[in-house]
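Overview (structure and organization)
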Amino acid sequence: MQLSTNVLPKIHKNAGDFMPLLGTDYIELYVSNAKQAAFYYQSAMGFEALAFGGLETGWKDKESYVVRQDKITLVLTSPLHSGTEIGKHIDKHGDGVKVIAFWVADATAAYEAAMQRGAISYLAPTKLSNEHGEVVESGIYTYGEVVHKFIERKNFTGLFLPGFLEWNSTFESPSIGLKYVDHMVGNVELGKMNHWVAFYENVLGFTQILSFDDKDISTEYTALMSKVMSNGNGRIKFPINEPAKGIKKSQIEEYLDFYEGAGVQHIAVATDDIITTVRALKSRGMQFLMVPHTYYEELGDRIGEIDEDITVLGELGILADCDDEGYLLQIFTKPVQSRPTMFFEIIQRKGAQSFGKGNFKALFEAIEREQELRGTL
Ligand code: FE2
């Protein structure tokens, strides 16, 4: 189903704690060459081969590779011939996130609760089974063409999902310490942020935990507004950005232009040791946004005493920020596909539950320097 971004779901008020989400089950990306994308996630980011689906498993029109690192599972999917929905998605958006799947106890109840509250259906509850048991999956649309699936796997003991086989790769990819998805950020069109905030509140029972406006997040040229939504147990956090008026084109507008619509801007993955993780990523060729060295001259005064050596943070380009509860360390990759759209954030939380507001200005100036090089500022 193609969903026009102008058609927004009708939203019902008075949502409560009706949607227990156990966590992020997996993230599926539609990519133009799943076989090579899977190898990128193995070789550059330390994911391990897990499962495979395609012609060999009886599929006729698509192929998927599943890679995993600790609690993070990525599914990379490509079409096998022209004219498919997946192919059209890739033609329009380039490589990007199609599915953010939630792990739930009851995929039928979750779907029905969402539909009653005004969600648009992507997939009615469907049973998948094999010799390892049964999975129920269902799905609804969110912003752009992104969907949320509900995955119920309590009666399943298999590797990933029915329809997939074990993928044995000879590639040895030791973990680089990525643990779980900390948050995933959506970029939505100008004027649509509050609509999607209301969608997460009313349809999925999330609450808004933070908001930033153009006074918090602006540079000489660009501005954005952001609200952070969290589910009940705090395991799923979705900041939602929209562009704000600036003198030149903001990074959010650049994303929307190149993605040709709303979509996932970045996936933040957590580590317990960001210095080791970033060193490993750099040695494997991952490129990061770098801030000017003056950032580190001021950092000590801004953040106070921390466990890490600021000189080492500076060498690697790792940023730090603090809030009332502690501090956090973070770094952002450059876009990981040809279009300047999706990227990753590596984050280590040392008490802080916030998102690095103190780094926004330095970061956005770094992004603007990249935009300048692309001629899109
Ligand atoms: Fe982030």
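It should be emphasised that the depicted structure is a prediction, and the values quoted were computed from it without experimental measurement.

1. Considering the coordination of the iron ion
Around the iron ion, the protein contributes the donor atoms His183 (NE2), His266 (NE2) and Glu345 (OE), which lie 2.0 to 2.2 Å from the metal centre. All donors of the iron ion belong to a single chain; written as a sequence motif, their spacing is H-x82-H-x78-E. Taken as a pair, histidine 183 in strand β10 (residues 178–187) and histidine 266 in strand β14 (residues 263–271) lie far apart in primary sequence, 83 residues in all. With respect to class, histidine 183 is no different from histidine 266; both count as buried.

2. Observations regarding the packing of aromatic side chains
With the rule as written, the count across this model stands at 21 aromatic pairs. Between tyrosine 40 and tyrosine 41, the ring centres sit 5.3 Å apart and the planes meet at 90 degrees, which makes this aromatic pair edge-to-face. Looking at tyrosine 40, the relative accessible area reads 29%, which means it is partly exposed. Ring-pair connections join several aromatic residues into one group, and the members of that group are Phe102, Tyr143, Phe150, Trp196, Phe199, Tyr200, Phe206 and Phe238. If you follow arginine 117 out to its NZ or CZ, it ends over the ring of phenylalanine 18, 3.6 Å from the centre.

3. Remarks on the pattern of salt bridges
Within the structure shown, the criterion is met by 11 salt bridges. The residue glutamate 85 makes a salt bridge to lysine 88 at a minimum N-O spacing of 3.5 Å. In this pair, glutamate 85 and lysine 88 are both assigned in helix α2 (residues 85–93), 3 residues apart and thus about one turn of the helix distant. When its relative accessible area of 40% is taken as the criterion, glutamate 85 is described as partly exposed. By relative accessible area, lysine 88 is classed as partly exposed at 44%. One connected set of salt bridges, linked through shared partners, spans Asp307, Glu308 and Lys350.

4. Concerning the confidence of the model for the protein
Low-pLDDT stretches of the model should not have their predicted coordinates read in fine detail. For the protein, mean pLDDT is 91; residues scoring 70 or higher make up 93% of the total. In the predicted structure, residues 1–16 sits below a pLDDT of 50 and forms 43 contacts with residues beyond four places in sequence or in another chain.

Reading the values: the criteria
- Residues numbered from 1 in each chain as written.
- Predicted model: local features only at pLDDT ≥ 70, side-chain atom pairs only at ≥ 80, totals over all residues.
- Heavy atoms only, no water.
- Donors = N, O, S within 2.8 Å, 3.2 Å for Na, K, Ca; no water.
- Helix = DSSP H or I, 4+ residues; strand = E, 2+ residues; numbered from the N terminus.
- Buried < 20%, exposed > 50% of the residue type's maximum accessible area, 1.4 Å probe, protein only.
- Phe/Tyr/Trp six-rings, centres within 6.5 Å; stacked < 30°, edge-to-face > 60°.
- Lys NZ or Arg CZ within 6 Å of the ring centre and 35° of its normal.
- Salt bridge = Lys/Arg side-chain N within 4 Å of Asp/Glu carboxyl O.
- pLDDT = per-residue confidence, 0-100.
- Contact = heavy atoms within 4.5 Å.

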